[in-house]
Amino acid sequence: MTRIPCPSESWDDYVIQQERANFPKASELLDKLDAYGHLTWFIGFNDTDSEEPVCECSTPDIAQNAVPTCKLCKLVEYRGDWLASFDVISHVNDDDDELYFAYHVVINSDSSNFITTSEQRVVHYSKAPFNLPDQYAIVAMEEYPWSVEEVESALKTNDHWNNHLQAIIDAYQLSR
Ligand SMILES: [Zn+2]
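As a starting point, this report considers the structure included with it. Values in this document were obtained by computation on a predicted structure and should not be read as measured data.

What follows concerns unusual backbone geometry. Even without a glycine there, the phi angle at Lys 74 is positive, about 65°. By the element assignment, Lys 74 lies in the loop between strand E3 (69-70) and strand E4 (81-92). We classify Lys 74 as exposed; its relative accessible area is 65%. At Asn 131, a position not held by glycine, the phi torsion is positive, near 65°. Within the secondary structure, Asn 131 sits in the loop between strand E6 (114-124) and helix H4 (132-143).

Moving on, we come to the layout of surface pockets. Of the volumes computed, that of the largest pocket is approximately 380 Å³. Lining the largest pocket are 15 residues, with Asp 47, Val 76, Arg 79, Ser 147 and Glu 150 sitting closest to its centre. Partitioned by chemical class, the residues of the lining of the largest pocket number 7 nonpolar, 2 polar and 6 charged. One number sums up the size of the second largest pocket: a volume of about 300 Å³. In this structure, the second largest pocket is lined by 16 residues; those nearest its centre are Trp 82, Ile 107, Phe 114, Ala 140 and Glu 143.

Okay, the coordination of the zinc ion next. Coordination sphere of the zinc ion, protein contribution only: Cys 55 (SG), Cys 57 (SG), Cys 70 (SG) and Cys 73 (SG), at 2.3 to 2.4 Å. Given 4 donor atoms and angles of 106 to 115° at the metal, the environment of the zinc ion is assigned as tetrahedral. Here the donor residues for the zinc ion map to a single chain with the spacing C-x1-C-x12-C-x2-C.

Thresholds, definitions, all that
- Residues numbered from 1 in each chain as written.
- Predicted model: local features only at pLDDT ≥ 70, side-chain atom pairs only at ≥ 80, totals over all residues.
- Heavy atoms only, no water.
- Helix = DSSP H or I, 4+ residues; strand = E, 2+ residues; numbered from the N terminus.
- Buried < 20%, exposed > 50% of the residue type's maximum accessible area, 1.4 Å probe, protein only.
- 1 Å grid on protein atoms, 1.4 Å probe; cavity = no way out; pocket = protein on both sides within 12 Å on 5 of 7 lines; lining within 4 Å.
- Points joined across faces, edges and corners; volume = space filled by probe spheres on them.
- Nonpolar A, V, L, I, M, F, W, Y, C, P; charged D, E, K, R; others polar.
- Donors = N, O, S within 2.8 Å, 3.2 Å for Na, K, Ca; no water.
- Tetrahedral: all angles 85-135°; square planar, octahedral: opposite > 155°, others 65-115°.

In structure tokens, the structure reads:
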């Protein structure tokens with residue numbers, strides 16, 4: 001699996017080292033995450049095996065309408081593929097009996113030939129990463145328009161993600 005380092009990684013490494021100092025198990029927890037392997041929560045688009053016709057011109061002339069369309073072939077712009085996947089695990093720390101979440105986000109694009117971990121953190125449950133899929137979707141939608149189905153699917157993923165986090169928090173609070 002190819003992996004192109006991204007500039008934010010050195011910062012992530014720094015953050016992880018800080019977290020490890022406070023929380024010795026952080027790296028162990030992060031090692032268990034595998035968003036792209038599990039694909040439990042993911043958002044994005046994929047024009048590479050789309051059944052809808054898309055522009056295949058070698059030098060497309062794209063009109064930047066609401067739906068960017070090629071002026072030559074009148075078909076919608078080819079976006080390639082882009083997938084953001086999310087994974088999270090919870091952990092109650094022995095020392096303070098507090099609930100923590102370890103989570104990461106993996107971005108990949110076969111058409112652009114990259115896969116990268118864009119974010120990885122261990123956080124106290126008071127800072128649980130609610131709406132994380134939404135945040136990534138909003139940024140990605142600024143680059144390319146998404147279809148109604150892609151947006152609906154992303155919203156659903158965000159709901160499932162939030163519900164999952166909330167259920168863990170509820171169970172933890174009930175158990176105390
Ligand atoms: Zn075209």
